[in-house]
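Chain and residue survey
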Amino acid sequence: MNQTLATLRTLAVSGALALAALAAPAPMANAVGEGPNHDGNGQITTSKLSTYDEMVSFLKDQDARQPAMELEVIGQTVKGRDIHLVKYLSDPAKPTILYLTQQHGNEQLTTEGTLQFVKHLGTGKSRDVLDGVNILIVPMLNADGAMGDVNFPLDDYLAKGDRNMTRYNAEEVDLNRDHVTKAQPETQALHNNVMSKYKIDYMIDLHHQGTRSERDGKLVSGSILYPTTPNADPALVERSKKLGAVVFNNVDSTGWGHLGKYVGGSAETISRNGIAVEYGIATLLFEMRGMSDHYLDGYALGLRSNGYLIKQTVTTLTATAAAIANGSIADADTSFWDSLDTQTSRPGEEADSE
């Protein structure tokens, strides 16, 4: 099948799932949190997810269609795959937000949502947003891990389908622990050709966590957290909390979204902390529920929740870009953080790690 057609087919399936989720009757409102995971429940497969080649074909097609979009190669992975940056840059005086996905190769639904967001930015409805904000997107930092093209075995991974997917890059390194030494080519590409090259005001780092985290006795659809290193400027942390307020207000209010406060450390090897300190960028971590593949049952999520989680990503990106574009983010109320419970884990869940 033609790669572009295959990608459009994949996105059409994802979009249909998302629309079905929005149209679901009241009893389905908890599908993100209470939907099937691997333990007796959902099918774990990668067959519905875009491959690296399909993603690249889609991005090139959108680049040809969208005058406001520019596609840049910022470096290569260990295995030589190009790493892409999607750019909507019209005025350096405007605020700029970076959306970063798939530092971990088995956390792909955020990338699927990001591709839908790119497609939406090509419509006339997004003109007002692009008039007020510059947008940068790294849609798949860890392409080798996403394709299972690595120098270590993946025999114990759970997903069925064309490939297995792993958290690590090809050298079995966690890229989200490499933001100080910057030893891996993927991390070097991000820092040298994005973080150091562009004036970025906000960043959302999009990840996935396990399936059994909960808040108020209900499984979460995701969780959020601002920089927690003591070296982060308090004013920057406040701006990060405002970014989180926009996300929380737009996702938790949907009826199908249910967010908790993430349990995160203060290490600056993690992008949420390290990038905030090194570049003075307001950062937010968003951990979606469930991974596309894993060797632990408690982390992999059945594909019937895909539509909700993709929609949650699109909602997050759309709402934050709009709030920055129209300036309403300055008035975002951060007091909810004081009462937002830190999520806990149900029995059988190992500790999450961003």
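Given the structure is predicted, the values throughout are model-derived calculations rather than measurements. (Residues numbered from 1 in each chain as written. Predicted model: local features only at pLDDT ≥ 70, side-chain atom pairs only at ≥ 80, totals over all residues. Heavy atoms only, no water.)

1. Re the overall build of the chain
- Counting secondary structure elements, the chain contains 11 helices and 11 strands.
- Out of the 354 residues belonging to the chain, those deemed buried represent 60%.
- Taking all contacts inside the chain whose residues are at least 6 apart in sequence as the whole, residues at least 24 apart take part in 81%.
- Total accessible area on the chain stands at roughly 13,200 Å², and carbon and sulfur atoms take up 49% of it. (Helix = DSSP H or I, 4+ residues; strand = E, 2+ residues; numbered from the N terminus. Buried < 20%, exposed > 50% of the residue type's maximum accessible area, 1.4 Å probe, protein only. Contact = heavy atoms within 4.5 Å. Areas by Shrake-Rupley, 256 points an atom, 1.4 Å probe, with all protein chains shown as cover.)

2. Quick notes on empty space enclosed by the protein
- For the structure on display, the rule yields 2 cavities of 30 Å³ or more.
- By volume, the largest cavity amounts to about 80 Å³.
- Along the walls of the largest cavity sit Gln43, Ile44, Thr45, Leu49, Leu109, Gly290, Met291, Ser292, Leu301, Gly302, Leu303 and Asn306, which together make up its complete lining.
- Taken together, the residues of the lining of the largest cavity break down into 6 nonpolar, 6 polar and no charged. (1 Å grid on protein atoms, 1.4 Å probe; cavity = no way out; pocket = protein on both sides within 12 Å on 5 of 7 lines; lining within 4 Å. Points joined across faces, edges and corners; volume = space filled by probe spheres on them. Nonpolar A, V, L, I, M, F, W, Y, C, P; charged D, E, K, R; others polar.)

3. Remarks on unusual backbone geometry
- A positive phi angle, close to 55°, is found at Lys182, a residue other than glycine.
- Within the secondary structure, Lys182 sits in the loop between α6 (143-147) and α7 (185-195).
- Lys182 gets classed as buried once you look at its relative accessible area, which sits at 19%.
- Residue Asp216 is not a glycine yet carries a positive backbone phi of 55°.

4. Quick look at the confidence of the model for the chain
- On average, residues of the chain score 89 in pLDDT, and 86% of them reach the 70 mark or higher.
- Note on residues 35-41: pLDDT is under 50 here. Beyond four places in sequence and across chains, it has 24 contacts. (pLDDT = per-residue confidence, 0-100.)

5. Focus: helix α9 (residues 271-279)
- Turning to α9, its buried residues are Ser271, Arg272, Asn273, Gly274, Ile275 and Ala276.
- Where α9 is buried, its residues meet α7, β5 (202-209), β8 (222-225), α8 (234-251) and β10 (282-289).
- Positive phi appears at Gly280, one or two residues downstream of α9, with a value of about 65°.

6. Describing the packing of aromatic side chains
- Under the criterion given, the structure shown has 7 aromatic pairs.
- Arranged with centres 5.6 Å apart and planes meeting at 75°, the rings of Tyr157 and Tyr295 form a pair that is edge-to-face. Of this pair, Tyr157 sits in the loop between α6 and α7 while Tyr295 sits in the loop between β10 and α10 (306-326), and the two are 138 residues apart along the sequence.
- Members of the aromatic cluster, each reached through a chain of ring pairs, are Tyr226, Phe248, Phe336 and Trp337.
- We note Arg81 situated over the ring of Tyr52; from NZ or CZ to the ring centre the distance is 6.0 Å.
- Across from the ring centre of Tyr226, 4.7 Å away, lies the NZ or CZ of Lys241, which sits over that ring. (Phe/Tyr/Trp six-rings, centres within 6.5 Å; stacked < 30°, edge-to-face > 60°. Lys NZ or Arg CZ within 6 Å of the ring centre and 35° of its normal.)

7. Considering the side chain of Asn273
- For Asn273, the position within the fold is in helix α9.
- Asn273 gets classed as buried once you look at its relative accessible area, which sits at 0%.
- If near-sequence neighbours (up to four positions away) are discounted, Asn273 is found in contact with Pro227, Thr228, Thr229, Gly265, Ser266, Ala267 and Glu268.

8. Section: the sheet that holds strand β11 (residues 344-345)
- Taken in spatial order, the 3 strands make up an open sheet running β7-β6-β11, and their pairing is antiparallel. Among the strands making up the open sheet, the edge pair consists of β7 (218-219) and β11.
- Note that strand β6 (residues 213-215) and β11 share 2 bridges and pair antiparallel. Following the sheet pairing, Glu214 is matched in β11 by Thr344. (Pairing = 2+ DSSP bridges.)

9. Some words on α8
- Between its first and last C-alpha, α8 extends 25 Å over 18 residues, near the 26 Å set by a 1.5 Å rise per residue.
- All of the buried residues along α8 are Leu236, Val237, Ser240, Lys241, Lys242, Leu243, Gly244, Ala245, Val246, Val247, Phe248 and Val251. (Expected span 1.5 Å × (residues − 1).)

10. Some details on the environment of Lys160
- With respect to the secondary-structure elements, Lys160 resides in the loop between α6 and α7.
- The exposure class of Lys160 is exposed, given its relative accessible area of 57%.
- Distance from Lys160 to Thr46, taken between C-alpha atoms, is 6.4 Å for residues 114 residues apart in sequence.
- Not counting residues up to four positions away in its chain, the partners in contact with Lys160 are Ile44, Thr45, Thr46 and Ser47.

11. Some thoughts on the layout of surface pockets
- Of the pockets and cavities examined, the largest pocket occupies roughly 210 Å³.
- Phe117, Lys119, His120, Leu121, Thr123, Lys125, Ser126, Val129, Thr318 and Ala321 are the residues that line the largest pocket.
- For the lining of the largest pocket, the secondary structure elements donating two or more residues are α4 (109-121) and α10.
- The element that contributes the greatest number of residues to the lining of the largest pocket is α4, accounting for 4 residues.
- A class-by-class count of the residues in the lining of the largest pocket yields 4 nonpolar, 4 polar and 2 charged.

12. Describing the pairing of strand β4 (residues 134-138)
- With 5 of its 5 residues buried, β4 lies for the most part within the structure.
- The alternating pattern of β4 places Asn134, Leu136 and Val138 and Ile135 and Ile137 on opposite faces, both of which are buried.
- Here 3 bridges tie strand β2 (residues 82-88) to β4, and the two strands are oriented antiparallel to one another. Residue pairing in the sheet places Val86 in a bridge with Ile137 of β4.

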